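Residue-level structural notes
Listed below, chain by chain, are the residues.
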Amino acid sequence: MASAVRKPDEQITEEEYFALEKQTDTRHEFIDGYVYAMVGGSFNHGTLIGNIAGEIRNHLKGKPCRVFSEGTKVKVPNTQLGDSRYFYPDVVVDCSIEKADGQMLTTPVLVVEVLSASTHKYDETTKFQIYASIPTLQEYILVEQSSVKIEVQRRRTHWSIEKYFLGDSITFESIGLTIAVEELYDRVDNEEMTEWLLQKAREAEEAAKAAASDGE
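Residues numbered from 1 in each chain as written. Predicted model: local features only at pLDDT ≥ 70, side-chain atom pairs only at ≥ 80, totals over all residues. Heavy atoms only, no water.

**A few points about the side chain of Gln-145**
- Position of Gln-145 among the secondary structure elements: in the loop between strand S10 (139-143) and strand S11 (150-154).
- Within polar-contact distance, the side chain of Gln-145 engages the backbone oxygen of Leu-115 at 2.8 Å.
- Those residues in contact with Gln-145 that sit more than four places away from it in its chain are Ser-42, Asn-44, His-45, Leu-48, Val-114, Leu-115, Ser-116, Val-188 and Asn-190. (Helix = DSSP H or I, 4+ residues; strand = E, 2+ residues; numbered from the N terminus. Polar contact = N/O pair within 3.5 Å; in protein donor to acceptor, adjacent residues only side chain to side chain. Contact = heavy atoms within 4.5 Å.)

**A look at the side chain of Ser-84**
- On the secondary structure map, Ser-84 appears in strand S6 (residues 84-87).
- Apart from the residues lying within four places of it in its own chain, the contact partners of Ser-84 are Glu-14, Phe-30, Lys-75, Val-76, Pro-77 and Asn-78.

**Considering the state of the cysteines**
- Counted by the stated rule, this structure contains one disulfide.
- A sulfur-sulfur distance of 1.9 Å marks the disulfide that ties Cys-65 to Cys-95. Its torsion about the S-S bond being 95 degrees, the disulfide of Cys-65 and Cys-95 is classed as right-handed. Placement of the pair is Cys-65 in the loop between helix H2 (43-59) and strand S4 (66-69) and Cys-95 in the loop between strand S7 (91-94) and strand S8 (104-105), with a sequence separation of 30 residues.
- Its relative accessible area of 14% is what places Cys-65 among the buried residues. (Disulfide = S-S within 2.5 Å. Buried < 20%, exposed > 50% of the residue type's maximum accessible area, 1.4 Å probe, protein only.)

Structural data, given as structure tokens:
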């Protein structure tokens, strides 16, 4: 997710939250009466969202599930307090759009958040706990942008953490998509990707030299 900026500590109602959303172009998440403004992300953040959403979108062509990114709100009922929480996931897949509440999704099967320094702990703890309460959710995925690491938590494995790195392939089980980690990080500018691409270029050059030598 992009950076979340906490509004003043005064709690507000759901009605006040929706009024705030209508008054500004800034997106806000709403948790237990508190509002968090969603400020812009980095180039890497945007690139990762585009890569992930694009790969999923291509995979889902002709299928009932649909993928949304950044601007689509997810509603999570709060049975204890009687209100709801509202989030803007970086990428979300829902297979029951007809059950959406207005313009809000309520039955996601897959949620992806791209981490930033300011939201890392928030996404790993508070957000995960709330998302995991959604009965339809099958996978929760956290993606690093300053390094190459993807963490996957699945309902099937009781939300245990699986980690994936360069050289690995990752399967989004909820939608049946398997893809190489390096494909999801295409054009992402960080130290690990730079070294990975340099190493692949060196290997390709050595292979070309070897092939030329064999042909002599």
